[in-house]
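As a plain string of letters, each chain reads:
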Amino acid sequence: MEALLALAIGVLVAAAVYLMLARNLLRFIFGLVLISNAANLTIFTAGRLVEGAPPLVPVGLDAPAGTVANALPQALVLTAIVIGFGLFAFALTLMFRAYTTLGTLNGDEMRVAEPREPGEGSAMR
Amino acid sequence: MGAAASTGGKASAGWIGLAPAALSAALFVWFASLAPSIADGETLRVAWSWAPSLGVSLSFLVDGLSLTFALLISGIGALVFLYSNTYLAGHPQFGRFALFLTAFMLAMLGLVLADNLIALFVFWELTTVTSYLLIGFGHETAKGRRSALQALFVTGAGALALLAGFILLGFTAGSFELSEILAQGDALKDHALYLPILILILAGAFTKSAQFPFHFWLPNAMAAPTPVSAFLHSATMVKAGVYLMARLHPGFSGTDAWLWTLTVAGAFTAVFASLMALRQTDLKQALAYTTLMALGTLTLLLGQDSGYAMTAFATFLIVHSLYKASLFLMVGCIDHATGTREAGLLGGLARAMPVTCFAAALAALSMAGFPPFLGFIGKELKYAGALAVGSEPILVAGAMLAANALMFAVAGVVAFKPFWRPAGGPLPHAPHEAPWPMLAGPVLLAVLGAVFGLYPDLLQRTLVDPTVASLLGTTEDAKTLQLWAGVNLPLILSVATVALGLALYLAHGPIRAALARAVEAAPGFDAGWDRFLDGLKAFAAWQTRLIQTGVLRTYIFATFATVLVGLAGTMAAKGVWPAAPDLSLANWRTVALVALIVAGALLTAVTTSRIAAMASLGVVGIGVAMIFITFGAPDVAITQLLVETLVVVLAAVALLRLPVLDKPGERDRRPRDAVLALGVGAVVTAILLLVLETPLDRRLTDFFETASWPEAYGRNIVNVILVDFRALDTFGEVAVVMIAGLAAYALLRTTAERRETTAEKGEGK
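No experiment lies behind these values; they were computed from the predicted model shown.

Reading the values: rules and limits
- Residues numbered from 1 in each chain as written.
- Chains lettered and ligands numbered in written order.
- Predicted model: local features only at pLDDT ≥ 70, side-chain atom pairs only at ≥ 80, totals over all residues.
- Heavy atoms only, no water.
- Helix = DSSP H or I, 4+ residues; strand = E, 2+ residues; numbered from the N terminus.
- Rg over C-alpha atoms; globule rule 2.2 N^0.38 Å.
- Contact = heavy atoms within 4.5 Å.
- Areas by Shrake-Rupley, 256 points an atom, 1.4 Å probe, with all protein chains shown as cover.
- Lys, Arg positive; Asp, Glu negative; His and termini not counted.
- Charge placed at Lys NZ, Arg CZ, Asp CG, Glu CD.
- Phe/Tyr/Trp six-rings, centres within 6.5 Å; stacked < 30°, edge-to-face > 60°.
- Buried < 20%, exposed > 50% of the residue type's maximum accessible area, 1.4 Å probe, protein only.
- Lys NZ or Arg CZ within 6 Å of the ring centre and 35° of its normal.
- Buried area = accessible area lost by both parts, 1.4 Å probe.
- Salt bridge = Lys/Arg side-chain N within 4 Å of Asp/Glu carboxyl O.
- Polar contact = N/O pair within 3.5 Å; in protein donor to acceptor, adjacent residues only side chain to side chain.
- Nonpolar A, V, L, I, M, F, W, Y, C, P; charged D, E, K, R; others polar.
- Pairing = 2+ DSSP bridges.
- Axes fitted to C-alpha atoms, helices over the stretch in contact; angles between N-to-C directions.
- Parallel < 35°, antiparallel > 145°, perpendicular 65-115°, else oblique.
- Domains from an automatic or database assignment.
- Expected span 1.5 Å × (residues − 1).

Per the secondary structure count, chain B includes 30 helices and 2 strands. A globule of 765 residues ought to have a C-alpha radius of gyration of about 27 Å, yet chain B, at 39 Å, is considerably larger. Considering only contacts in chain B between residues 6 or more positions apart, those separated by 24 or more positions represent 79%. As presented, chain B carries roughly 32300 Å² of accessible surface, and 70% of it is formed by carbon and sulfur atoms. Of the charged side chains in chain B, 45 are positive and 45 negative, and the gap between their average positions amounts to 11 Å.

Another point: the packing of aromatic side chains. Tallying each qualifying case throughout the model produces 25 aromatic pairs over all chains. With a centroid separation of 6.4 Å and 35° between ring planes, the pair formed by B:F252 and B:W258 is classed as tilted. Their ring planes at 55° and their centres at 5.4 Å tell us that B:F370 and B:F408 sit as a pair that is tilted. You can see B:F370 sitting in the loop between α15 (354-368) and α16 (374-387) and its partner B:F408 sitting in helix α17 (residues 393-420), a full 38 residues away along the chain. The class of B:F370 is partly exposed, set by a relative accessible area of 26%. Lying across the ring of A:Y18, B:R670 places its NZ or CZ 4.2 Å from the centre. Sitting over the face of the ring of B:W709, B:R715 holds its NZ or CZ atom 3.6 Å from the ring centroid.

Before going further, it helps to spend a moment on the interface of chain A and chain B. Facing the 93 residues of chain A at the interface are 108 residues of chain B. For the pairing of chain A and chain B, the buried interface totals around 9000 Å² over both sides, and the portion due to carbon and sulfur atoms is 74%. Here chain A and chain B share 2 salt bridges between them. Linking chain A to chain B there are 18 residue pairs in polar contact (both at pLDDT 80 or more). Among the elements of the structure, α1 (2-20), α2 (25-46) and α3 (71-102) of chain A are those that each provide at least two residues to the side of chain A that touches chain B. Take the side of chain A that touches chain B: its biggest share by element is 24 residues, from α3(A). Taken together, the residues that form the side of chain A that touches chain B break down as 64 nonpolar, 16 polar and 13 charged.

Residues and elements named next belong to chain B. As paired elements, strand β1 (residues 44-51) and strand β2 (residues 56-62) share 7 bridges and run antiparallel to each other. Bridge assignment links S49 to a residue of β2, and that residue is S57. Connecting the antiparallel pair β1 and β2 is a turn made up of 4 residues, with G55 showing a positive phi of about 75°.

Attention now goes to the packing of helix α3 (residues 64-87) of chain B against helix α19 (residues 457-472) of chain B. Residues and elements named next belong to chain B. Close contact between α3 and α19 brings their axes to 6 Å; oriented N to C, the two are set at 135°. Regarding the angle of α3 to α19, the classification is oblique. Judged by residue contacts, G64, L65, L67, T68 and L71 of α3 engage L463, P466, T467 and S470 from α19. A class-by-class count of the residues in the contact of α3 with α19 yields 5 nonpolar, 4 polar and no charged.

Let's shift gears to the domain arrangement of chain B. With domains assigned, chain B is organised as domain 1 (274-506) and domain 2 (587-658). Computed from C-alpha atoms alone, the centre-to-centre distance between domain 1 of chain B and domain 2 of chain B is 91 Å.

A few words now on α1(A). In this model, α1(A) (19 residues) spans 26 Å end to end at C-alpha, consistent with the 27 Å of a helix rising 1.5 Å per residue. Taking burial as the measure, the 19 residues of α1(A) include 17 buried ones, the bulk of the element.

The subject of this paragraph is the pattern of salt bridges. One pass over the full model with this rule turns up 17 salt bridges over all chains. Between B:R698 and B:E705 there is a salt bridge, and its shortest N-O distance comes to 3.4 Å. Here the salt bridges do not stand alone but share partners, grouping A:R23, A:D108 and B:R553 into one network.

Structural data, given as structure tokens:
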């Protein structure tokens, strides 16, 4: 079961990297969302999968009865999801702002901080 | 410099100029007081511990060689300080000058007295830095700055090689103390590392002493004020390299590598520099090249190990310092008095400047090698030393004859023509005699050249014999300094020198023109230096453009490529590969969810439609939430669903104002990126599979499971972790989201303001 998810994570990462290398910054942000999902799934899977048994302590007992899902990665992933969302929201706003200021979504054309040198062609065409 | 000097109304710069002169004089007296005991074969050694764990101590050794150098440095230093006190009087930055020159003199003294390799290197670098400041004293001119930087680069680069050589030497010999290293005798010459050490150390010595092909910085360094040139380029800085070679002579000489490197470099530099000297029309430049000639000769002599060569080295070292410092200072007097140093203009100064003329005549006669001056004795010994060379004495003596004859001619150009021949044109100022503080130095030094020539015994026992003893370990081989040694081969060579030199002087006009033409035609080292620097800058710019393209995608590509190479490379290097994944346990529900996620991810990657991309992102998010819910993580799943909804809403709002993904007619097809992306994906899967092969460490999980209820009174373990055990993490998480929200708000608000202002401007137009 974990191996299947490992393969799915590989596909997610590949798609995310491909999108993050795009010229259009909107695609970069799509890649960001995908790679966040891939990271969360990685943490979750690395803690091993247990089907249908949430980490709860039944009433009357001091500890869960029998094997339950690993609680630790769940706590980590919960935090990661929220922080990933914060990152997404900020990146989206930043890109939006860049677009309204520079009039383009093409990362190659955003050369305010590192202007083109004289005689430099546009690289990586 | 002449302008700066002649504008000064004051005759002297006061105590700030006299204090260093007094200091130098006191040091000179102290060193002189050591001379008798050193002459008796004693050495004086003092040491302080500096960094004992590294074998570095601040140790000083006074023996014949270092005492000779120390006397030259402090003695000429005192006269130069006295001279510059008048020469630069009224200069607004005289205080700075005095400080630099004093610092330089002390560093130079440290260099020649240091007995520890590392201490010697530190003083070596101190002379580099202080001479940089002195050469660049006229920093308001581009030429001054360039010359200073060139000297710094060339000697600094050599010094790095020197440091490497010293460290190798220290570890090879097992000690950083020079006296201990040199006491080991021939062991060093047989060591496997002898040649690398020799090459590194000679790189430092040759750059410092401006041996060919590192000679080009020295004539440029004449941009410094004349007293600096007199001090640095007669007695001190450029002789540091010569000093080092002499210091290491006992441990390093005698091998073919030592003999041939020093002989060839020295002989070539001597002849080449003498020719160049004759070519110059600026008196100071001419002297600069004769200094190169002297350094070449000293290097050549150090290549040998006969008693004649060593005696010649010790004698010529002193001779040259005396006449060269005198001549440099004399040129300063002429410059000061007439406002020019052009050989073509100057003439007829003997009447106006009789004392300067007297000093110049004495110094030049010593330089030309006339009896009864010390220069004559030095020349005789040089010829004797050259003829004593084991192999190729004809070649060495021939090179020396050519260099000496050229010296003779240059001496005529520098010290005879300006005084006795008619002037070549109107002088900027009417010449007048220099004031006495400026005359004291040249006259005293020139007179010393004559006195030592007449009474060579004065020098023989006090300085020459002890120096030879430092080089050869004994004074037995030291040859006698005498004016008349009978009619022998050196004397015949001397006569030939005078005849040839006279002919060269008489014909120096045409020769100079011919040399100028030849130099114009040949590639110049100085221009080569500029090309080298330009090339270096161009290379830096090229590699900066290559690495820092300013294109975000390049940086991201490099980052992911590094991740791929680092991870895959490590796995390949360790030979660790995951076993084939076992998919037999997968049930249909999970397979369906995974298929959904994979399909969503692939569609996002390839679609050109923004709506399709948003929808497929949503599919991935919901698929991941379903995975969470299937495998016992309902809290995570709920959060994921909430966040996924927010992501879609936010993105949709933004998309309303953003352009489409691809311009019409453009397709987003990037095969190279796809290869990298697949590689990174594969490596992540492989590593996750490897992680899954290892046993799970459940210690933390077990703790949370057993402690959740008894300690925190919570039955939902995940919630307890978040709000109790790791509450501070959750607090940090809330802070991150808040900051992201605030930053986003700030960005959006300024966007709105900006739009309003641009709208107003638009209306205004």
